[in-house]
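Here is how the chains run, residue by residue.
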Amino acid sequence: MKRQRIVAGNWKMNKTFDEGRDLAISIIQQLGPSENLAVLCPPFIHLNYLSVLTNGIANLKLGAQNCHFEESGAFTGEISAAMLKSVEAEFVILGHSERREYFKEAGELLAKKVDSTLKHGLRPIFCCGEKLDAREAGNQEEIVKQQLEEGLFHLEESQFSNVVIAYEPVWAIGTGKTASPEQAQEMHRYIRNLISLKYSSHTANLTTILYGGSCNPKNAKELFSQPDVDGGLIGGASLHATDFISIFNSFPVSG
Ligand code: PEP
């Protein structure tokens, strides 16, 4: 079994209804058949009609950018995993650095969100990554290890096999500063090794680990050619159909 290669677009808080529909249509028109998966993670308002637009396109899936851990109830402004599942989302981004920074999400809360996501048959795209000061102090491995231990490593191995990890150095997100292919590879290999130690080399080899942080059509090929980089979580460049498709087409031809 080969591990799945994925390019996921995190639209963040961008695109009105019409703009989002136009972007999605343009992506659909340019997306050729492929064994790799494209995932669109738009704001919630787009998920319902996009599930109709993307219906039957085998290599295009939908994801959300967050969810609450409770099933339902008095949580004004929140959305549950069951609601996301009901509009055919298949993925949920969790632990994004913007959620960690602006909404103080961390540790136990993220573990509960992961549990709810998996319970409803959705796959978490779990983000981890160090800030600039940690990178400069050489603490990137320690930080990422802690994030994975707190948010994911309580899972059983069978549950963990549904998780996608996104390594996103915070200093590279939205800054135009990309991690070098060597820096990305080093961290991806480190993460895979942690998974192997926690679970098994089989599960580690099958886990999709995405790179995120100013990935664009110019640098995607080199990043995606690293042996442990299985694709990307794309912010800014996912808002332009040709850029997103160009990144999606940047995987080396698999042998
Ligand atoms: C992101 O927010 O997940 C991201 C990677 O953003 P950007 O590509 O804009 O750096």
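This text follows the structure it describes.
Residues numbered from 1 in each chain as written. Predicted model: local features only at pLDDT ≥ 70, side-chain atom pairs only at ≥ 80, totals over all residues. Heavy atoms only, no water.

To continue, consider the site of the ligand. Surveying the vicinity of the ligand reveals 14 residues, the closest of which are Lys12, His96, Glu168, Gly174 and Ser214. In the model, an oxygen atom of the ligand is placed 2.6 Å from a nitrogen or oxygen of the Gly174 main chain. Here Gly235 contributes a backbone N or O atom positioned 2.9 Å from an oxygen atom of the ligand. In the complex, 96% of the free accessible area of the ligand, which totals 290 Å², lies under the protein chains. Its residues assigned to classes, the shell around the ligand shows 4 nonpolar, 8 polar and 2 charged. (Near = heavy atom within 4 Å. Polar contact = N/O pair within 3.5 Å; in protein donor to acceptor, adjacent residues only side chain to side chain. Areas by Shrake-Rupley, 256 points an atom, 1.4 Å probe, with all protein chains shown as cover. Nonpolar A, V, L, I, M, F, W, Y, C, P; charged D, E, K, R; others polar.)

Here is a general trend for soluble globular proteins: nonpolar side chains tend to be buried in one another's company. Ranked by size, the top nonpolar core spans 64 residues in total, and within it Leu148, Leu152 and Ile165 carry the most contacts. For this core, the leading source of residues is helix 9 (residues 181–198), giving 6 residues. In this structure, Ile6, Val39, Phe91 and Ile93 belong to the second largest nonpolar core, which totals 13 residues. (Core = buried A, V, L, I, M, F, W, Y, C linked by side-chain atoms within 4.5 Å. Buried < 20%, exposed > 50% of the residue type's maximum accessible area, 1.4 Å probe, protein only. Helix = DSSP H or I, 4+ residues; strand = E, 2+ residues; numbered from the N terminus.)

Quick look at the side chain of Gln147 now. Take Gln147: it is sitting in helix 7 (residues 140–151). Among the polar contacts listed, one links the side chain of Gln147 to the backbone nitrogen of Gly129, at a separation of 2.8 Å. Aside from chain neighbours lying at most four places away, what touches Gln147 is Arg100, Phe126, Cys128, Gly129 and Leu152. (Contact = heavy atoms within 4.5 Å.)

This part is about the pairing of strand 3 (residues 60–64). Walk down a regular strand and you will see the side chains alternate between the two sheet faces. Where burial is concerned, most of strand 3 is hidden: 4 out of the 5 residues are buried. For the handedness criterion, the β-α-β arrangement of strand 2 (residues 37–41), helix 2 (residues 47–53) and strand 3 is classed as right-handed. Following the backbone out of strand 3, through helix 3 (residues 81–86) and into the adjacent parallel strand 4 (residues 91–94), one traces a crossover that is right-handed. (Right-handed = clockwise from strand over helix to strand, strands pointing away.)

On to the side chain of His96, then. Here His96 is to be found in the loop between strand 4 and helix 4 (97–102). Beyond its immediate chain neighbours, meaning those up to four positions away, His96 contacts Asn10, Lys12, Cys127, Glu168 and Ile173.

This paragraph deals with the sheet that holds strand 6 (residues 164–167). With parallel pairing, 8 strands are arranged side by side around a closed barrel as 1-2-3-4-5-6-7-8. Going from strand to strand, the sheet's axes swing by 25° on average, the running direction of each strand aside. Relative to strand 8 (residues 231–234), strand 7 (residues 209–212) runs parallel, the two sharing 2 bridges. Counterpart to Tyr211 in the pairing with strand 8 is Gly232. (Pairing = 2+ DSSP bridges. Axes fitted to C-alpha atoms, helices over the stretch in contact; angles between N-to-C directions.)

This part is about the pattern of salt bridges. What the rule picks out here adds up to 15 salt bridges. Notably, a salt bridge pairs Asp228 with Arg3, separated by 3.9 Å at the nearest N-O pair. Here Asp228, found in the loop between helix 11 (220–224) and strand 8, pairs with Arg3, found in the segment before strand 1 (6–10); they are 225 residues apart in sequence, far enough to count as distant. The partner of Arg21 in a salt bridge is Asp18, with the nearest N and O atoms 3.5 Å apart. (Salt bridge = Lys/Arg side-chain N within 4 Å of Asp/Glu carboxyl O.)

Quick look at the packing of aromatic side chains now. Scanning the entire structure with this criterion turns up 5 aromatic pairs. Aromatic side chains Phe17 and Tyr49 sit 4.5 Å apart centroid to centroid with 50° between the ring planes, which places their arrangement in the tilted category. Within this pair, whereas Phe17 is found in helix 1 (residues 17–30), its partner Tyr49 is found in helix 2, the two being separated by 32 residues in sequence. By relative accessible area, Tyr49 is classed as buried at 16%. (Phe/Tyr/Trp six-rings, centres within 6.5 Å; stacked < 30°, edge-to-face > 60°.)

Take unusual backbone geometry next. Of note in the backbone geometry, Lys12 takes a positive phi value of approximately 55° without being a glycine. Among the structural elements, Lys12 can be located in the loop between strand 1 and helix 1. Taking relative accessible area as the criterion, Lys12 reaches 21% and is therefore assigned partly exposed. Here the phi dihedral of Lys104 falls at roughly 55°; this positive angle occurs in a residue that is not glycine. Relative to the helices and strands, Lys104 resides in the loop between helix 4 and helix 5 (107–119).

So, about helix 12 (residues 241–248). Along helix 12, the residues classified as buried are Ala241, Phe244, Ile245, Ile247 and Phe248. The buried residues of helix 12 occupy one face: seen down the axis, they fall within an arc of 160°. Close packing links the buried residues of helix 12 with strand 1, helix 1, strand 2, helix 11 and strand 8. (Arc of directions from axis to C-beta.)

Turning next to the pairing of strand 1. Most of strand 1 sits inside the fold, with 5 of its 5 residues counted as buried. Judged by which residues are buried, strand 1 turns out to be covered on both faces: Ile6, Ala8 and Asn10 on one side and Val7 and Gly9 on the other are all buried. Across 5 bridges, the pairing between strand 1 and strand 2 is parallel. Note on strand 2: the bridge partner recorded for Val7 is Ala38. As for the winding sense of the linkage, the β-α-β connection from strand 1 through helix 1 to strand 2 is right-handed. Direction of pairing for strand 1 relative to strand 8: parallel, over a ladder of 4 bridges. Within strand 8, the residue paired with Gly9 across the bridge is Ile234.

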